[in-house]
Amino acid sequence: MTGSFLADRAAELDAADPLAHHRTLFLGTDGDAVRSYLDGNSLGRPLATTADSLASFVTDQWGGRLIRGWDEGWLVLPEQIGDQLGRVALGAAAGQCIVADSTSVLLYKLARAAVAERPERTEIVIDRDNFPTDRFLVEGIARERGLTLRWIDVASDGGATPADVAAAVGPQTALVLLSHVAYRSGFIADVPAITRTAHDAGALVLWDLSHSVGSVPADLDAWDVDYAAGCSYKYLNGGPGAPAWAYVAKRHLATLDQPILGWLGSADPFAMGSAYQPADGIRRLVSGTPPIVGMLAMRDMITLIEEVGMAAVRSKSELLTSFAVEAVDEILAPHGVVIASPRAASERGSHITIDHPAFAGMVPELWQEGVVPDYRNPNGIRLGLSPLSTSFGEVAVAIGAIAARLASPRERAAGE
Ligand SMILES: *Cc1c(COP(=O)(O)O)cnc(C)c1O
């Protein structure tokens, strides 16, 4: 496959893509400045409607309703958006999801709640290639609570398997914390099988869906998951620093004992009472005032995903990553580029990682040319393919730009 053949093939795939027109709903997709944006798994593009939602919120809601807005809908927005997300993308019945805090803070609260639910047990299981915040949080919790971490080693192009988890859990395991889609390799964990394995050992599971929510369907209720959380600024296009979301299975709500007891998680915040009584339901996970402005963009994206349907989103995602793998095999592998992601579309999420020793120096140069993937240590370029805003043409442009640089004498020298 030559460069022009690649562009032709991309044009055919774009022409045949039933979701292609959705790309124009996102800001910046008609521009020349960014020719290929392959970082929607790190920061999704804004929807054009979000510019209007934010402006009208400031003018009509905040400016017009002022403090009355809290009683007129803002206070219940975190649960409303949580329920919508649960229905559209998580397979979660109403009353179990909420938008709040950051992913790091929610993971901390949920992990602490989980170990409080298993007070006689002393171990937390996590994999060594999990996202740094996930690892750091449980290290902190282990220190606070006198617990031991049991680490699972995983292949760099894979992730934790049910067999790995079976070998790590035992009568001392309180909690297993893993990612649904691995942030580096894109590997999809077998959530139902791993959850079953953990439950068979009497442990609870906390799943991080940051790299799957909005691109890979989840079925949290059917999978019998205990707790989950994830990002909203990746495939949910919530914008930089958008609050995260959490899921707590109904069976755990009545006893959920989270560590940051604030007034807005209490049963009657405006009674200004003397003692903390947790709210009923998922609201007891809340600590302080909900970040309302930060929730508006994700609501627009969740609404779009609801119209399109997660099944269609997932099909496009598989086609995009398959095209990227095919193009890497044909055009970049001869230069020594290695795919560090699962080769079967059904086993990976919506990004792939490719490795080459020259990549560390190359990414800033690609950014200057308007080709924007991201770099992950030690020498990986991550190609994030956000199903509703990425075209096949963008994949072809990025692969072509990387190939051109690898063919230059300087890059060849760096690869030797
Ligand atoms: C992006 C990501 C996070 C980010 O957490 P923040 O608190 O939003 O910074 C956490 N975990 C995983 C797996 C991620 O991919």
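Residues numbered from 1 in each chain as written. Predicted model: local features only at pLDDT ≥ 70, side-chain atom pairs only at ≥ 80, totals over all residues. Heavy atoms only, no water.

Chemist: Help me understand the environment of Gly95, please; the structure alone is not making it clear to me.
Modeler: Mapped onto the elements, Gly95 comes out in the loop between helix H3 (77–90) and strand S2 (97–100). Put simply, Gly95 and Gln80 are 15 residues apart on the chain and 9.0 Å apart in space, counted from C-alpha to C-alpha. Among residues more than four places away in sequence, those in contact with Gly95 are Asp83, Leu253 and Ile282. (Helix = DSSP H or I, 4+ residues; strand = E, 2+ residues; numbered from the N terminus. Contact = heavy atoms within 4.5 Å.)

Chemist: Before we go on, may I ask you to explain the site of the ligand in this structure?
Modeler: As a structural note, the neighbourhood of the ligand is formed by 13 residues, with Ser104, Asp208, His211, Tyr233 and Lys234 the closest of them. The separation between a nitrogen atom of the ligand and a polar side-chain atom of Asp134 is 3.0 Å. The side chain of His211 places a nitrogen or oxygen atom 2.8 Å from an oxygen atom of the ligand. Mapped by element, the contributors of at least two residues to the shell around the ligand are helix H4 (103–117) and helix H5 (132–145). By residue class, the composition of the shell around the ligand is three nonpolar, seven polar and three charged. (Near = heavy atom within 4 Å. Polar contact = N/O pair within 3.5 Å; in protein donor to acceptor, adjacent residues only side chain to side chain. Nonpolar A, V, L, I, M, F, W, Y, C, P; charged D, E, K, R; others polar.)

Chemist: What am I meant to see in helix H11 (residues 359–368) here?
Modeler: Since there are 3.6 residues in each turn of an α-helix, residues three or four apart along the chain are aligned in direction. Along H11, the residues classified as buried are Phe359, Met362, Val363, Glu365 and Leu366. Gly370 occupies a position one or two residues after H11 and carries a positive phi of about 80°. (Buried < 20%, exposed > 50% of the residue type's maximum accessible area, 1.4 Å probe, protein only.)

Chemist: Please explain the domain arrangement of the protein chain as it appears in this structure.
Modeler: The parts lose accessible area when they come together, and the size of an interface is often stated as this lost area. The assigned domain composition of the protein chain is domain 1 (3–48 + 310–414) and domain 2 (75–306). Placing a centre on the C-alpha atoms of domain 1 and another on those of domain 2 gives a separation of 29 Å. On the side of domain 2, 27 residues touch domain 1, which itself brings 32 residues to the contact. Both sides of the domain 1 and domain 2 interface together cover about 2300 Å² of buried area, and 61% of this is carbon and sulfur. The largest per-residue losses of area from domain 1 upon contact with domain 2 belong to Leu47, Met310 and His351, which jointly make up 24% of the total buried on that side. At the boundary of domain 1 with domain 2, the tally comes to zero salt bridges. (Domains from an automatic or database assignment. Buried area = accessible area lost by both parts, 1.4 Å probe. Salt bridge = Lys/Arg side-chain N within 4 Å of Asp/Glu carboxyl O.)

Chemist: Explain the sheet that holds strand S5 (residues 173–179) to me, please; I cannot follow it from the model alone.
Modeler: The strands making up a sheet are joined through hydrogen bonds of the backbone, oriented either antiparallel or parallel. The mixed open sheet is built from seven strands, whose spatial order is S2-S8-S7-S6-S5-S3-S4. A strand with exactly one partner marks an edge of an open sheet, and here the two such strands are S2 and strand S4 (148–152). The average undirected angle you get between the axes of adjacent strands in this sheet is 20°. Bridge analysis of S5 against strand S6 (residues 204–208) gives five bridges, and the strand direction is parallel. The residue bridging Leu175 from the neighbouring strand is Leu204, located in S6. (Pairing = 2+ DSSP bridges. Axes fitted to C-alpha atoms, helices over the stretch in contact; angles between N-to-C directions.)

Chemist: What's the story with a nonpolar patch on the surface in this structure? I'm lost.
Modeler: A surface patch of nonpolar side chains, amounting to about 450 Å² of accessible area, comprises Val58, Trp62, Leu66 and Ile67. Following the sequence through the fold, Ile67 ends up in the loop between helix H2 (48–65) and H3. Ile67 sits in the exposed class, given a relative accessible area of 68%. (Patch = residues over 30% accessible without salt bridge, like charges linked within 9 Å, V, L, I, M, F, W, Y side chains within 5 Å. Areas by Shrake-Rupley, 256 points an atom, 1.4 Å probe, with all protein chains shown as cover.)

Chemist: Explanation requested: the packing of H2 against helix H9 (residues 296–308) in the structure shown.
Modeler: For any two helices packed against each other, one specifies the crossing angle of their axes together with the interaxial distance. Look at H2 against H9: their axes get within 9 Å of each other, and the N-to-C directions meet at 140°. It follows that H2 is oblique to H9 by the angle criterion. The chirality of how H2 crosses H9 is right-handed. Facing H2, whose interface residues are Thr49, Thr50, Ser53, Leu54 and Phe57, H9 presents Leu296, Ala297 and Asp300. Residue composition of the contact of H2 with H9, grouped by class: four nonpolar, three polar and one charged. (Parallel < 35°, antiparallel > 145°, perpendicular 65-115°, else oblique. Left-handed = near helix turned anticlockwise from the far one by under 90°.)

Chemist: Explain the pairing of strand S10 (residues 351–355) here, please?
Modeler: For S10, a buried count of four out of five residues is recorded, marking the element as mostly surrounded by other parts of the structure. Note that strand S9 (residues 338–339) and S10 share two bridges and pair antiparallel. When the bridges of S10 are listed, Val338 appears paired with Asp355.

Chemist: I keep staring at the pattern of salt bridges and nothing clicks. Help me out?
Modeler: Opposite charge on two side chains permits pairing when their charged atoms draw close. In the structure shown here, the tally under the stated rule is 22 salt bridges. Across the pair Arg128 and Asp153 runs a salt bridge, and its minimum N-O distance is 2.9 Å. Of this pair, Arg128 sits in the loop between strand S3 (123–127) and H5 while Asp153 sits in the loop between S4 and helix H6 (162–168); the two residues are 25 residues apart in sequence, bridging distant segments of the chain. For Arg128, a relative accessible area of 45% gives the class partly exposed. Taking relative accessible area as the criterion, Asp153 reaches 56% and is therefore assigned exposed. Each of Arg35, Glu365, Glu369 and Arg405 takes part in salt bridges that share partners, so that together they form one network.

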